[in-house]
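This is what each chain is made of:
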Amino acid sequence: MKTLITIFIAFCMASGFSAKGQSSNNSVRLGNYNYKKENYQTSEMLYRKALSKKPGMRQATFNLGNTLYKQGQYQAAETKYDDAIKATDDKLKRSNYYYNKGNSLFQMQQYQKSVEAYKQALRENPQHNDARHNLQLAQQLLQQQQQQQQQNSQDKENQEKQDQQNQQQDNQQDQNKQDNPAESQPKEGEISREDAERLLKAMEEEEKKVQEKLQKQKAQSQKVKVEKEW
């Protein structure tokens, strides 16, 4: 039974701006405005514009990751979160960045990596309750994923063994026929396997015709008078 899992996703939008790189800051402001309006493609364009003018700008990098995430581009979003992590030593910010990275990995069903990202978010900020919640979810799904992989591996192994046994049996039967050709011939009063299959097929065809005939007769007997408007 599938379990509906709600994953809490919080995005932290920085709001401070410096005098330097005012043009980049304006692009970020406009990007934030469009992000809040859910105009994600426009906000993506504005964040990229800010980064083209000021490469490595942490706020634009992180917010670009958020808007990519909202558009379902989880791999690209994870990359931006990694860039933002490298751009700061602030523990609270790094905790948020690791948290969003974990969310991207979670959405890609890379549960082992998402577990590590959530753990790192908690190392940076032990009070990050959303990271703790998502960590528990990721650990549960990771366990289920590993169990399913083990089951699939076992099923594959069993099937390979069965195929090997069937092949050995077929080879043995072929060898017996070669060693004892007389035994492979039908005895008097018996029919060969091929003849039996043809006979069975003919009987099935005859039964089908009989059933079709009965259905046609039944349909004719059930016809009722149809009133017509002249």
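Anything mentioned here points back to the structure above.
Residues numbered from 1 in each chain as written. Predicted model: local features only at pLDDT ≥ 70, side-chain atom pairs only at ≥ 80, totals over all residues. Heavy atoms only, no water.

(A) Up close: the overall build of the chain. Along its length, the chain carries eight helices and zero strands. The linear arrangement of helices and strands in the chain, starting from the amino end, is α-α-α-α-α-α-α-α. The buried share among the 230 residues of the chain stands at 29%. For the chain, contacts bridging at least 24 residues in sequence account for 54% of all contacts bridging at least 6. Here the chain displays about 16,700 Å² of accessible surface, and carbon together with sulfur accounts for 46% of that area. (Helix = DSSP H or I, 4+ residues; strand = E, 2+ residues; numbered from the N terminus. Buried < 20%, exposed > 50% of the residue type's maximum accessible area, 1.4 Å probe, protein only. Contact = heavy atoms within 4.5 Å. Areas by Shrake-Rupley, 256 points an atom, 1.4 Å probe, with all protein chains shown as cover.)

(B) How the structure looks around helix H2 (residues 40-53). The end-to-end C-alpha separation of H2 is 20 Å, in line with the 20 Å expected for 14 residues at 1.5 Å each. Among the residues of H2, those classed as buried are Tyr40, Ser43, Glu44, Leu46, Tyr47, Ala50 and Leu51. Projected down its long axis, H2 shows its buried positions confined to an angular sector of 165°, all on one face. Turned more than 90 degrees away from the buried face of H2 sit Gln41, Met45 and Ser52, all of them exposed. Turning to H2, the residues buried within the fold contact helix H1 (22-36) and helix H3 (58-70). (Expected span 1.5 Å × (residues − 1). Arc of directions from axis to C-beta.)

(C) Representation of the pattern of salt bridges. With the rule as written, the count across this model stands at five salt bridges. A salt bridge links Asp82 to Lys101; its shortest N-O distance comes to 2.9 Å. Remark: Lys101 occurs in helix H5 (residues 91-107) and Asp82 occurs in helix H4 (residues 74-86); sequence separation between them is 19 residues. Judged by its relative accessible area of 22%, Asp82 is partly exposed. (Salt bridge = Lys/Arg side-chain N within 4 Å of Asp/Glu carboxyl O.)

(D) A look at the packing of H4 against H5. Contact geometry for H4 and H5: axes closest at 9 Å, N-to-C directions at 160°. Overall, the two elements H4 and H5 adopt an arrangement that is roughly antiparallel. Relative to H5, H4 is oriented so that their crossing is left-handed. Between H4 and H5, the contacting residues are Tyr74, Ala77, Glu78, Tyr81, Asp82, Ala84 and Ile85 on the first element and Arg94, Tyr97, Tyr98, Asn100, Lys101, Ser104, Leu105 and Gln107 on the second. Class assignment of the residues belonging to the contact of H4 with H5 gives a composition of eight nonpolar, three polar and four charged. (Axes fitted to C-alpha atoms, helices over the stretch in contact; angles between N-to-C directions. Parallel < 35°, antiparallel > 145°, perpendicular 65-115°, else oblique. Left-handed = near helix turned anticlockwise from the far one by under 90°. Nonpolar A, V, L, I, M, F, W, Y, C, P; charged D, E, K, R; others polar.)

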